[in-house]
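Working through the structure, step by step
Letter by letter, the chains look like this.
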Amino acid sequence: MKGLVAAGGLGSRLRPLTHTVPKQLLPVAGVPVVVHALCRLRDIGITEIALVVGEFGAQTEQTLGDGSDLGLRLTYLPQDRPRGIAHCVSLARDFLGGDDFVLFLGDNVFPGGLADYATAFRAGRPAAQIVVHKVPDPRAFGVAELDLDGRVTRIVEKPAEPRSDLAVIGVYFCTAALHEAVAAISPSARGELEITDALQWLVSRGDEVHAQVHTGYWKDTGTIEDLLDCNRELLDHLEPEVDGEIDAASELTGPVRIAPGARVVRSRIQGPVTIGAGTTVQDSRIGPHTAIGRQCSVTASGVESSILLDGAHVHGVPDVRASVIGQHARVGRRSEPSGQRLVLGDHARAEIAG
């Protein structure tokens, strides 16, 4: 079985961060979102994986390399612009050949893993197997209708009046039958090849398309709120590991991970917190659910429930919370802060006013 990861989306809801970084490389719990996806595939025995990449393809390849650091073999497939999830399948047809495969959306996070779904697919081997999740408002998703045996009877993309609350989420187990379906469909009204249309084509032909209902945590990290929520969820399962330098005047409580080369000076760190390599935290308080990237500096500040990307600098700001600070962005203080949320793109500068 092979893997196919869709990693070429624009991430427009995450701007300004995604003006310079693809959304799949934004970190949650100190690790790029797409790496979480790759690890979930590796956990079910898939090591040969293709990534469909867009305008940031070179940046993605530079970050992930050939995949050997993760125990994987990665292939990169360029896509000129987003043309739909089913279009990713068509781009990967030569790579996939006649093998079964798992299609994974690179901005989705499944902390509990995919083992049960993989076992079910291998045992029954339907033409395709989707994963669905009950949501309060399914109108923004593909929506599946099932019979009592979990077989898909109908699947519709973003229906105005959903007949089910089962949203199709970002992992699809497929046989080579999906290639025939993708070749048979046409672009939707928004100009994309919809994976839901391909799956419905299989259903209409009488092929077996099954669904597994996911009841654990799942998140599409498509907004700042979702990115921060996912960061909190993953950090709640953080395994502590301190390899950096902690001076005698500092205090660490709760699970904390500090990478080699990081320094904590006269500061209080209350986990779960992760701090990247080469980062300095000085005269500061770092609160729970904070992930600080590499080569950052936090001085005379308080940071909580936030994400700092590589190279970010925060100085003299007592209350940064629920914020995402871009690469090499700088945050300072003009007067007493109000504790408002910050979302800063790369190389941005901000002075917090009261």
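Our subject is the structure listed above.
Below is a short write-up of the structure. (Residues numbered from 1 in each chain as written. Predicted model: local features only at pLDDT ≥ 70, side-chain atom pairs only at ≥ 80, totals over all residues. Heavy atoms only, no water.)

Considerations on helix α1 (residues 33-43)
Helical geometry: 3.6 residues make up each α-helical turn, so side chains three or four residues apart lie on a common side. Across the 11 residues of α1, 9 count as buried, placing the element largely inside the fold. Positive phi shows up at Gly 45, right after α1, with a value of about 90°. (Buried < 20%, exposed > 50% of the residue type's maximum accessible area, 1.4 Å probe, protein only. Helix = DSSP H or I, 4+ residues; strand = E, 2+ residues; numbered from the N terminus.)

Some points on helix α8 (residues 224-235)
The terminal C-alpha atoms of α8, which comprises 12 residues, lie 16 Å apart, in line with the 16 Å expected from a rise of 1.5 Å per residue. Buried within α8 are the following residues: Ile 224, Leu 227, Leu 228, Cys 230, Asn 231, Leu 234 and Leu 235. Buried residues in α8, looked at end-on, bunch into an arc of 160°, giving them a common side. (Expected span 1.5 Å × (residues − 1). Arc of directions from axis to C-beta.)

Some remarks on the side chain of Ser 284
Along the chain, Ser 284 falls in the loop between β21 (280-282) and β22 (285-286). The class of Ser 284 is buried, set by a relative accessible area of 6%. A polar side-chain atom of Ser 284 sits 2.8 Å from the main-chain carbonyl oxygen of Gln 282. With residues near it in sequence (within four places) discarded, Ser 284 still touches Arg 266, Ser 267, Arg 268, Val 298, Thr 299, Ala 300 and Ser 301. (Polar contact = N/O pair within 3.5 Å; in protein donor to acceptor, adjacent residues only side chain to side chain. Contact = heavy atoms within 4.5 Å.)

A short note on the sheet that holds β22
Paired through their backbone hydrogen bonds, the strands of a sheet run either parallel or antiparallel. In spatial order, the strands read β16-β19-β22-β25-β28; together these 5 strands make up an open sheet with parallel pairing. Strand pairing shows two members of the sheet lacking a second neighbour, β16 (251-253) and β28 (320-321), which therefore form its edges. In terms of strand pairing, strand β25 (residues 302-304) meets β28 through 2 bridges, oriented parallel. Along β28, the bridge assignment pairs Glu 304 with Arg 321. (Pairing = 2+ DSSP bridges.)

Concerning the nonpolar core
Counting residues in hydrophobic clusters, the biggest one holds 48 residues, and the most contacted among them are Val 5, Leu 51, Leu 114 and Phe 173. Element by element, the count of residues in this core is highest for α1, at 7 residues. Once residues within four sequence positions are removed from consideration, Phe 173 is found in contact with Ile 44, Phe 101, Val 102, Leu 114, Tyr 117, Ala 118, Phe 121, Ala 128 and Gln 129. (Core = buried A, V, L, I, M, F, W, Y, C linked by side-chain atoms within 4.5 Å.)

A few points about the pairing of strand β11 (residues 166-174)
β11 sits mainly inside the fold: 9 of its 9 residues count as buried. Alignment of strand β6 (residues 101-105) against β11, held across 4 bridges, turns out to be antiparallel. The residue of β11 that forms the bridge with Phe 101 is Cys 174. The sheet contact formed by strand β8 (residues 128-134) and β11 spans 6 bridges and is antiparallel. Bridge pairing in β11 places Val 132 opposite Val 168.

Some remarks on the state of the cysteines
Covalently bonding the sulfur atom of one cysteine to the sulfur atom of another cysteine gives a disulfide. Applying the stated criterion across every chain, the model contains 0 disulfides. Of all cysteine sulfurs, the one in Cys 39 lies closest to Cys 230, which takes part in no disulfide; the gap is 13 Å. Its sulfur unpaired, Cys 296 is 19 Å from the next cysteine sulfur, which belongs to Cys 230. Its relative accessible area of 3% is what places Cys 296 among the buried residues. (Disulfide = S-S within 2.5 Å.)

Observations regarding the pattern of salt bridges
Within this structure, the stated rule accounts for 24 salt bridges. A salt bridge links Asp 80 to Arg 83, with the shortest nitrogen-to-oxygen separation between them at 2.7 Å. The salt bridge partner of Arg 268 is Glu 251, with a shortest N-O separation of 3.7 Å. Placement of Arg 268 in strand β19 (residues 268-270) and of Glu 251 in strand β16 is noted, with a sequence separation of 17 residues between them. Note on Glu 251: relative accessible area 40%, which makes it partly exposed. In the salt-bridge network here, residues are joined through shared partners; they are Glu 157, Lys 158, Arg 190, Glu 192 and Glu 194. (Salt bridge = Lys/Arg side-chain N within 4 Å of Asp/Glu carboxyl O.)

Focus on the pairing of β6
Every other side chain in a regular strand lies on the same face of the sheet, so the side chains alternate between the two faces. With respect to burial, β6 is a largely interior element, 5 of its 5 residues being buried. Residues Phe 101, Leu 103 and Leu 105 point to one face of β6 and Val 102 and Phe 104 to the other, with burial holding for every one of them. Sheet topology places strand β1 (residues 2-7) next to β6; 5 bridges connect them, and they run parallel. Bridge assignment links Val 5 to a residue of β6, and that residue is Phe 104.

Section: unusual backbone geometry
With the exception of glycine, the majority of residues adopt a negative phi angle, and the majority of peptide bonds are in the trans configuration. In this structure, Pro 272 follows Gly 271 across a cis peptide bond, with omega equal to 10°. Position of Pro 272 among the secondary structure elements: in the loop between β19 and β20 (273-275). Not every positive phi belongs to a glycine, and Gln 295 is a case in point at roughly 55°. Here Gln 295 lies in the loop between β23 (290-292) and β24 (297-299). One non-glycine residue, Ala 322, adopts positive backbone phi at about 50°. Given the relative accessible area of 23%, Ala 322 is considered partly exposed.

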